[in-house]
Amino acid sequence: MRLKISLLKEPKHQELVSCVGWTTAEELYSCSDDHQIVKWNLLTGETSQIVKLPDDIYPIDLHWFPKSLGIKKQTQAEIFVLTSSDGKFHLISKLGRVEKSVEAHCGAVLAGRWNYEGTALVTVGEDGQIKIWSKTGMLRSTLAHQGTPVYSVAWGPDSEKVLYTAGKQLIIKPLQPNAKILQWKAHDGIILKVDWNSVNDLILSAGEDCKYKVWDSYGRPLYSSQPHEHPITSVAWAPDGELFAVGSFHTLRLCDKTGVRNVLNDAVDLLEFRDRVIKASLNYAHLVVSTSLQCYVFSTKNWNTPLIFDLKEGTVSLILQAERHFLLVDGGGIYLYSYEGRFLSSPKFPGMRTDILNAQTVSLSNDTIAIKDKADEKIIFLFEASTGKPMGDGKFLSHKNEVLEIALDQKGLTNDRKIAFIDKNRDLYITSVKRFGKEEQIVKLGTMVHTLAWSDTCNILCGLQDTRFTVWYYPNTVYVDRDILPKTLYERDASEFSKNPHIVSFVGNQVTIRRADGSLVHISISPYPAILHEYVSSSKWEDAVRLCRFVKEQTMWACLAAMAVANRDMTTAEIAYAAIGEIDKVQYINSIKNLPSKESKMAHILMFSGNIQEAETVLLQAGLVYQAIQININLYNWERALELAVKYKTHVDTVLAYRQKFLETFGKQETNKRYLQYAEGLQIDWEKIKAKIEMEITKERERSSGSQPTKSTGLKH
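Described below are features of the structure shown in this document. All values derive from a computational prediction rather than experimental measurement. (Residues numbered from 1 in each chain as written. Predicted model: local features only at pLDDT ≥ 70, side-chain atom pairs only at ≥ 80, totals over all residues. Heavy atoms only, no water.)

### A few points about the sheet that holds strand E35 (residues 397–398)
Taken in spatial order, the four strands line up as E32-E33-E34-E35 in an open sheet, and their pairing is antiparallel. Edge positions in the open sheet fall to strand E32 (362–364) and E35, since each of these has one partner strand only. Strand direction decides the pairing type here: strand E33 (residues 368–372) and strand E34 (residues 379–384), joined by five bridges, are antiparallel. Pairing of lysine 372 across the sheet is with isoleucine 380, part of E34. (Pairing = 2+ DSSP bridges. Helix = DSSP H or I, 4+ residues; strand = E, 2+ residues; numbered from the N terminus.)

Structure, rendered in structure tokens:
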């Protein structure tokens, strides 16, 4: 990546340029002590004077009204706030008309910033005051009053908090009265500039101590630069939070979010573009490049003839790729395209803000788009990729805590699609995208997880978990047999990656991790689990067993056991469970194999996976009422067993008999009113009950398809 700086032969400004602001990727407005506001077009190289301000207005700071899908009148978004040395701020249109000037502070107004919704404006000044204004310039409140000048201010990502400078201190103050204020010493000199990114929630600060620093939103230091020769006078995040710029005397630096100073490399430029490159992504054998006007799609098999199409807006902030298509995010919306350049869909939901979307809050698979809501961070919206419509009945995924990061798995059928996410407590959860109207099962996979990624070739999940690097070879195990989940994991020490590492990619069996110092570390995991996934997806069970026998690892056998149960292949499951010493489960599987009907087998496989309600439903739908009653008796669900017997008017005496036997075993008396009611005057006849049970089993055997003779059931009643 190269940072190009170009100067016109005839500069338009005659004095110091004090502030600049981008309107699009190609259009820049600048203000100077010569009182001029100039528009620069980087595409055509043209410059034009927009307006000449009165001689008493010396500009200090400029900020454009935020772009948002919620704004109906486009003209409303085409204004900027300009703060000046005369104690005023000015609302100026794109055409240069001063819409309003407001007396704001005693002394210079040092900074002004719109919040992300465009509903409020914050200004700070030499008088040490922090003031909140309406978008029309009406004073709402004075948030704080410092004894020293406040040089810079920034809104928090939720527009509910304000960050401002106070000498060597940084202060975060919520808008709500009496809310807790966060304050910490950030620099050894006066802090001159701050910026707070809404995507990654990280804070930048720069000071007269000649350093720039990166902080999290709790005031914890993530990076501190070496001292420069001169004070750092300006810092600014790129909208997507991946890069930031640092300004000092005769110096402009481009840094990544870990604070690394040198982002240049010696790679050879192979591809040339007509316009500036904004974003690029290489994945799934395709390179997608966004310039300020167009999108280029290259196939890795042919670099000479890219597919090119025009963009609606040139400020692409995110490119995500899946195997079949890719997704572009810009200031106007979210757009899905095929690799042939065909527009597929554009998902939308109320209050959607594209300016804060990044790779952690948007995820893409072949059939699904997942987007974390910003208004309510406990919600994840799910859309069909092909149509952009909400998934299923339009319901969204709701969690009990705020969600930080989301990721869709990449392989398999749509009905089996899973989404993994990390919440505010750093717990990792997984759930099914298509829930078929059932109560959604959100299951915890791990704790203290800081970053995660799915493999691009099979549904293997990896994450950095506290001081461990963990790989979930078959995350679906939590739905099949949670007991053996620990046996399906690979773990290794991750302390070598130091503080705040991040998983960049998981391609094949190689995981790339970026450490806090910016260096990349590559980890190779075993290739065998991916091969096992491939065999199972093709129903090559014999090959899968042979592979596990060859590798001789418990993790492989445990994964195969869970995969076999999930795919209802109980013969393979029996072999795999035997290999990991789960003898009780081998015996249970044997008993399932000997059941007289496929419905009973299905129900007991569901019970094996802990899906009791589904097992009962399968039996009732097949008319096997006694078997549904019996599984509740076996699980000591006495209330449900009696409820079914009464409802279907059968085997009430059987339920009462087993209940009586249960109480006698523990030497207890019946206290349940319903059982006392139905037991009144009823004589328990075990011979009669056993005959009825045998008749039920015979009836089931006869009605099962094929009516082939089978062994007697191995289940004990």
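So, next bit.
### What to know about the pattern of salt bridges
As enumerated under the stated definition, the model contains 27 salt bridges in all. Linking glutamate 99 and arginine 97 is a salt bridge whose minimum nitrogen-to-oxygen distance equals 2.8 Å. Accessibility expressed as a relative area gives 41% for glutamate 99, which makes it partly exposed. Connected via shared salt-bridge partners are Asp481, Asp483, Lys487, Glu582 and Lys585. (Salt bridge = Lys/Arg side-chain N within 4 Å of Asp/Glu carboxyl O. Buried < 20%, exposed > 50% of the residue type's maximum accessible area, 1.4 Å probe, protein only.)

### Looking at the side chain of histidine 399
Structurally, histidine 399 is set in the loop between E35 and strand E36 (403–408). A distance of 3.1 Å separates the side chain of histidine 399 from the side chain of aspartate 423, its partner in a polar contact. What histidine 399 contacts, discounting residues up to four positions off in sequence, is Lys378, Phe421, Asp423, Tyr429 and Ile442. (Polar contact = N/O pair within 3.5 Å; in protein donor to acceptor, adjacent residues only side chain to side chain. Contact = heavy atoms within 4.5 Å.)

### Some thoughts on the packing of helix H6 (residues 583–593) against helix H7 (residues 598–608)
In the contact formed by H6 and H7, the axes pass within 9 Å of each other and the chain directions differ by 160 degrees. Overall, the two elements H6 and H7 adopt an arrangement that is roughly antiparallel. The two elements H6 and H7 meet at a crossing, and its hand is right-handed. Between H6 and H7, the residues in contact are Lys585, Tyr588, Ile589, Ile592 and Lys593 and Lys601, His604, Ile605, Met607 and Phe608, respectively. The residue makeup of the contact of H6 with H7, split by class, is six nonpolar, one polar and three charged. (Axes fitted to C-alpha atoms, helices over the stretch in contact; angles between N-to-C directions. Parallel < 35°, antiparallel > 145°, perpendicular 65-115°, else oblique. Left-handed = near helix turned anticlockwise from the far one by under 90°. Nonpolar A, V, L, I, M, F, W, Y, C, P; charged D, E, K, R; others polar.)

### Here we look at the packing of aromatic side chains
Across all of its chains, the model carries 26 aromatic pairs by this definition. The structure contains a cluster of three or more aromatic residues connected by ring pairs, namely Phe309, Phe326, Tyr337, Tyr339 and Phe343. Cation over ring: lysine 312 sits above phenylalanine 343, and NZ or CZ is 5.6 Å from the ring centre. Here arginine 659 stacks its cationic end above the ring of tyrosine 675, 4.8 Å away from the centre of that ring. (Phe/Tyr/Trp six-rings, centres within 6.5 Å; stacked < 30°, edge-to-face > 60°. Lys NZ or Arg CZ within 6 Å of the ring centre and 35° of its normal.)

### Points about the nonpolar core
Core analysis: the biggest nonpolar cluster contains 49 residues, and Phe469, Leu532, Leu560 and Tyr577 have the highest contact counts within it. Top contributing element to this core by residue count: helix H4 (residues 554–566), with 10 residues. Leaving out residues up to four positions away in the same chain, phenylalanine 469 has contacts with Cys462, Gly463, Leu464, Tyr490, Glu491, Arg492, Ala494, Phe497, Val511, Ile513, Ile523 and Ile525. (Core = buried A, V, L, I, M, F, W, Y, C linked by side-chain atoms within 4.5 Å.)

### Quick word on the packing of helix H3 (residues 541–551) against H4
In contact at an axis separation of 9 Å, H3 and H4 are set at 160 degrees when each is read in the N-to-C sense. The angle between H3 and H4 falls in the class roughly antiparallel. The handedness of the crossing between H3 and H4 is left-handed. Contact residues: H3 offers Trp541, Ala544, Val545, Leu547, Cys548, Arg549 and Val551, while H4 offers Met556, Trp557, Leu560, Met563 and Ala564. Partitioning the contact of H3 with H4 into residue classes produces 11 nonpolar, no polar and one charged.

### Focus: unusual backbone geometry
Phi at asparagine 178 takes a positive value of approximately 65 degrees, unusual for a residue other than glycine. Considering the arrangement of structural elements, one finds asparagine 178 in the loop between strand E15 (169–174) and strand E16 (182–185).

### Observations concerning the environment of isoleucine 181
By the secondary structure assignment, isoleucine 181 is in the loop between E15 and E16. Residues within four places of isoleucine 181 in sequence aside, it is in contact with Ile171, Ile172, Lys173 and Pro174.

### Focus on the pairing of strand E19 (residues 212–216)
Most of E19 sits out of view: five of its five residues are buried. Residues Tyr212, Val214 and Asp216 point to one face of E19 and Lys213 and Trp215 to the other, with burial holding for every one of them. Where strand E18 (residues 202–207) folds back on E19, the antiparallel hairpin that results is connected by four residues, among which cysteine 210 adopts a positive phi of roughly 70 degrees. Between E19 and strand E20 (residues 221–224), which pair antiparallel one after the other, the connecting turn spans four residues, and glycine 219 there sits at a positive phi close to 85 degrees.

### Looking at the environment of lysine 661
Relative to the assigned elements, lysine 661 resides in helix H11 (residues 652–665). Separated by 460 residues in the primary sequence, lysine 661 and aspartate 201 have C-alpha atoms spaced 62 Å apart.

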